[in-house]
Number of protein chains: 2
Amino acid sequence: MRRKSRKRAQRNPDTISRLGWRRIVNPYPPLDILSADQIEAIHLASLDVLRDAGVKFFSSRARNIFQSIGAEVDHAEQMVRFDPALVTNTIKTIPSRFQVNARNSERSVEFGGPNINFATVGGPSFVSDLDRGRRAGTLTDLKDFFKLVHQLEIFHSGGASPFEPLELPAESRHLDKYLAAITHHDRLWMANMIGAYRARDALEMLTIVHGMTREQLTEKPVTTGNININSPRQVDEAMSDAMIEFAYWGQPVLVTPFTLLGAMAPTTMAGALVQQNAEALACMVLIQAVRPRSPLIYGSFSSNVDMKTGSPAFGTPEYVRTTLASAQLARRYSVPFRSSGPNASNAPDEQATYETCMSIWAAVMAHTNLLLHGGGWLEGGLVASFEKLIIDAEILQMMALSLEPITVNRETLAVDAIADVPPGGHFFGSAHTMERYEDIFYTPLLSDWRNFETWQDDGAVVASQRANKVWKSLLKEYTPPPIDQGIVENLNEFVRRRKQEIERGHVDAILRVSR
Amino acid sequence: MRRKSRKRAQRNPDTISRLGWRRIVNPYPPLDILSADQIEAIHLASLDVLRDAGVKFFSSRARNIFQSIGAEVDHAEQMVRFDPALVTNTIKTIPSRFQVNARNSERSVEFGGPNINFATVGGPSFVSDLDRGRRAGTLTDLKDFFKLVHQLEIFHSGGASPFEPLELPAESRHLDKYLAAITHHDRLWMANMIGAYRARDALEMLTIVHGMTREQLTEKPVTTGNININSPRQVDEAMSDAMIEFAYWGQPVLVTPFTLLGAMAPTTMAGALVQQNAEALACMVLIQAVRPRSPLIYGSFSSNVDMKTGSPAFGTPEYVRTTLASAQLARRYSVPFRSSGPNASNAPDEQATYETCMSIWAAVMAHTNLLLHGGGWLEGGLVASFEKLIIDAEILQMMALSLEPITVNRETLAVDAIADVPPGGHFFGSAHTMERYEDIFYTPLLSDWRNFETWQDDGAVVASQRANKVWKSLLKEYTPPPIDQGIVENLNEFVRRRKQEIERGHVDAILRVSR
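Cut-off values and rules
Residues numbered from 1 in each chain as written. Chains lettered and ligands numbered in written order. Predicted model: local features only at pLDDT ≥ 70, side-chain atom pairs only at ≥ 80, totals over all residues. Heavy atoms only, no water. Helix = DSSP H or I, 4+ residues; strand = E, 2+ residues; numbered from the N terminus. Rg over C-alpha atoms; globule rule 2.2 N^0.38 Å. Buried < 20%, exposed > 50% of the residue type's maximum accessible area, 1.4 Å probe, protein only. Contact = heavy atoms within 4.5 Å. Areas by Shrake-Rupley, 256 points an atom, 1.4 Å probe, with all protein chains shown as cover. Lys, Arg positive; Asp, Glu negative; His and termini not counted. Charge placed at Lys NZ, Arg CZ, Asp CG, Glu CD. Buried area = accessible area lost by both parts, 1.4 Å probe. Salt bridge = Lys/Arg side-chain N within 4 Å of Asp/Glu carboxyl O. Polar contact = N/O pair within 3.5 Å; in protein donor to acceptor, adjacent residues only side chain to side chain. Nonpolar A, V, L, I, M, F, W, Y, C, P; charged D, E, K, R; others polar. Least-squares fit on C-alpha atoms with pLDDT ≥ 70 in both. Axes fitted to C-alpha atoms, helices over the stretch in contact; angles between N-to-C directions. Parallel < 35°, antiparallel > 145°, perpendicular 65-115°, else oblique.

Asks: I'd love a proper account of the overall build of chain A, names of residues and values included.
Replies: Scanning chain A for helices and strands turns up 17 helices and 21 strands. The C-alpha radius of gyration computed for chain A amounts to 24 Å, which stays within 12% of the reference 24 Å derived for 515 residues, consistent with globular compactness. Considering only C-alpha atoms, chain A reaches an extent of 80 × 55 × 45 Å along its principal axes. Counting every position in chain A, which comprises 515 residues, the buried fraction comes to 67%. Counting contacts in chain A only where the partners sit at least 6 residues apart, residues at least 24 apart contribute 75% of the total. Working note: accessible area of chain A is about 16,700 Å², and carbon and sulfur atoms make up 49% of it. Counting 54 positive and 58 negative side-chain charges, chain A places the averaged centre of each group 4 Å from the other.

Asks: Please give an account of the interface of chain B and chain A that cites residues and values.
Replies: The interface of chain B with chain A comprises 114 residues on the first partner and 114 residues on the second. Buried surface at the junction of chain B and chain A, both sides included, amounts to about 9,500 Å², of which 70% is carbon and sulfur. Three residues stand out in chain B for area buried against chain A, namely B:Ile406, B:Phe441 and B:Trp449, and they jointly supply 9% of the buried area on that side. Viewed at the interface, chain A and chain B are joined by 2 salt bridges. Applying the counting rule to chain B against chain A returns 40 residue pairs in polar contact (both at pLDDT 80 or more). Top contributing element to the side of chain B that touches chain A by residue count: helix α10 (residues 350-365) of chain B, with 9 residues. A per-class count over the side of chain B that touches chain A returns 64 nonpolar, 29 polar and 21 charged.

Asks: Talk me through the relation of the copies chain B and chain A; I want residue IDs and the actual numbers.
Replies: With an RMSD of 0.0 Å, the operation that places chain B on chain A is a rotation of 180 degrees combined with a shift of 0.0 Å along the axis. Overall, the copies show the geometry of a two-fold rotation axis. When each C-alpha of chain B is compared by its distance to the rotation axis, B:Glu350 comes out closest, at 2.4 Å. Here 100% of the contact residues of chain B are again contact residues in chain A; the copies associate through an equivalent surface.

Asks: Talk me through the packing of helix α1 (residues 36-53) of chain A against helix α9 (residues 317-332) of chain A; I want residue IDs and the actual numbers.
Replies: Residues and elements named next belong to chain A. At a closest axis distance of 10 Å, the pairing of α1 and α9 adopts a crossing angle of 75 degrees. Regarding the angle of α1 to α9, the classification is roughly perpendicular. Between α1 and α9, the contacting residues are Ile-39, Glu-40, Ile-42 and His-43 on the first element and Ala-325, Gln-328, Leu-329 and Arg-332 on the second.

Asks: Can you tell me about the side chain of A:Asn468, naming the residues and giving the values?
Replies: All names here are of chain A. As for its position among the elements, Asn-468 is in helix α16 (residues 463-477). In this structure the side chain of Asn-468 is engaged in a polar contact, spanning 3.3 Å, whose partner is the side chain of Asp-131. If we skip the residues at most four places from it in the chain, Asn-468 touches Leu-130, Asp-131 and Glu-387.

Asks: Explain unusual backbone geometry residue by residue, including any values.
Replies: Residues A:Ser231 and A:Pro232 are joined by a peptide bond in cis, for which omega reads 5 degrees. You can see A:Pro232 is positioned in the loop between β11 (224-229) and β12 (234-235). For B:Ser161, which is not glycine, the phi torsion reads 55 degrees and is therefore positive. Its place among the elements puts B:Ser161 in the loop between α4 (139-151) and α5 (173-184). Of note in this structure, B:Glu379 is not a glycine but carries a positive phi near 55 degrees. Mapped onto the secondary structure, B:Glu379 falls in the loop between β20 (377-378) and β21 (383-385). For B:Glu379, a relative accessible area of 8% corresponds to the buried category.

Shown next, in the form of structure tokens:
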């Protein structure tokens, strides 16, 4: 499964060296920080929460589905409560592994087990770079961001819309985002899960891309979509309905409670995990109730707030531990796992870097199957930064290669080569070196390893400023991925028609097609 | 063993919050990236290297010791070769765990097993900060650095002389460094291992500090010292003789081959590990030949060079993997392990941060007993940076707390507290939160979690610039650790006498005392 195609480091310093596409597998056991007994205690406590306190679902569709499988539903209070056995029996059908198919089949990825996939940021309204500062996102910026995603093959997914093109109408701009993603990069991308119609529009466009009927979707996942639970214990209508739509068509939903310790969840890590788990289980039940065996991913977004100010914090020791423990809960249910690469910094600086590094090593040690927000996230998720995208790509490239095994055999042990170099000599010119030197070590995307004097004479440019040059060079080198022009025409026609419907108020017209 | 005394976060923003002193234990299994068979293949190959190629020792004292235990010594070529059984039998007496005693016994630390200890940088000639730039080290700067070490309780050791006070005479400035370390912080510090006399001066001063006879040293380690092998396969006279001196007095030596892949070692990671292991084993044999059961630490400093320029690189995927594999080799021999927290950046920037983060997570996953160069290292080790010291302290504090267990019990599971907060409500004012909120989360040393607008209005200060303010505030808050004035007088008298001896050319006079 693992494929190597690292791009050759060029002598020309203006050519940016990048790691080639690869599927990443963590060959080592996950880092389990809780005992089996502790995991069971959290599991059982979350079943208590589901039985006694319950979860509020604003969506009548969701409540009706819950009622149909025997959950206790109070429509007046919009509350749903669950018998423990109903929960444990219903979630048994969740697949432990599945593939999601990209339009370029070489970019399809697998979720579950030790597979690690990296995705860029999703959700911000703002975009920033060091030249133009922090500003509202636009479609032009978004296309540039997608071009960089295409260039940076360490990313397995273009994320959940890196930022909003705010100049476009809110009701229909998801169509412009989808079209830009499809035509500017060849990686997976994630649907917008605010309302069933936006989820369904993504699926319709992907049937065009893949040349499938919509009925074939249920056998072939082609995208993912993230829903956030509005913790504590509350799921809004737009998210529920998008989740139901995805489940109906067999597309994987990332079920992610938003449990900031001290604000939307208890201050204790165990308590936050109980609440997160209860909220996730409720949605997992819903998805399986809609379509047994529909794929899904257990998501964690448990971090803490600063108790003095209420500000959210990320990459903290609390974040690291809830991520590792959450992955164990997902494994308890044999369900793929999602975490993130966030930070709370306001600039692509040293804080942004170390908080992200903490988030990423926790994710990789946890066997995170989908690292969302792994490229470009700043300001607790309010901003997508072009420079941070480059810094993150470097970190992720290094992390990916750190998981590669060391080859131990007669040639690599090099006993004769060691004997051939005299004490105090060097290996630069040895035959063993000459046979291997070209591609043997990691070639960085961003790091500058020149000595101080050379670096100073060249302007003393620090890494965040170099990242600015790197993304501009990558944009210049960009060529779009090939795509059948007939497909593009059909997509354009679909978008044009849907925008008309939406403009006329027939937002949900798409939902009445073939269902 | 584990002690908690986290300093209370203060409301006054000018007071710097720091994590209190603690012994750090990694409660999880080490990350083993090689199989037992692969470790055995590296072990056996390194024995082949020791038998056939051998190691060059410039020191006749060292060669005579090797000869006395039956190694094959060629005095003309200065080469020493080893029968495999001689190696494996001689190293059996190395202790797997030992304590090193600080003058404040609460700051004593344990090496071996899952104990993790953090030390600051050692070795640079230059010092830098954002106000005064990069410059030659001075004793005044060194004292400031030691004051910060005392303030930052995350560091278990003040390192191996963070940088050289270059204005002082090279032959005697180790005395000034030792005295400054003893009087400015209460943590361990490491002796200068260039020549037996510098090593011995450290021990003499520590007998004064601890009120011990020099004979009692062999029962009570009070310091450590690092020796580097001048790879490939060469140990200089000054390092050997310091190593022998430490072994004679039962003080732990860090045995660290300097095996940069592609320059001083083969390009293959397996080959570099073979060479590192052979070099380390030769010195481990020497130490045990001098005094069986003398403590020592297996050190790794295997990274790669940039094959295009020859520049050393750190924190790379190669560095991560050789660190993890080297720790396995140390465990193969039941010997404590040392690695580092280096980077190759020229500024305390994002590159310095992510390369250091990669080094540190590898170290912690490897069960590194002593992380040398864990605070302040820049420029591949040429510079000690005040700002980087603060950035590193923040990373290490976060890493230490990430290893704390999650408490799972009825109170922390918080089922009732979860039920008490209505759907969509918040936990800020809940009784469960109010009982716990003050100290429950990590309070950062450096991170700024305020929102963008507040941060911008306050000057948009990025983390490296904030680090500049933090170290200056910590210096202002500094009060020296208590020390008996009689001890200080005796130390001053010793330093005065030794400086006279050294000035008169009687550098080695100290070695003739009681031996």
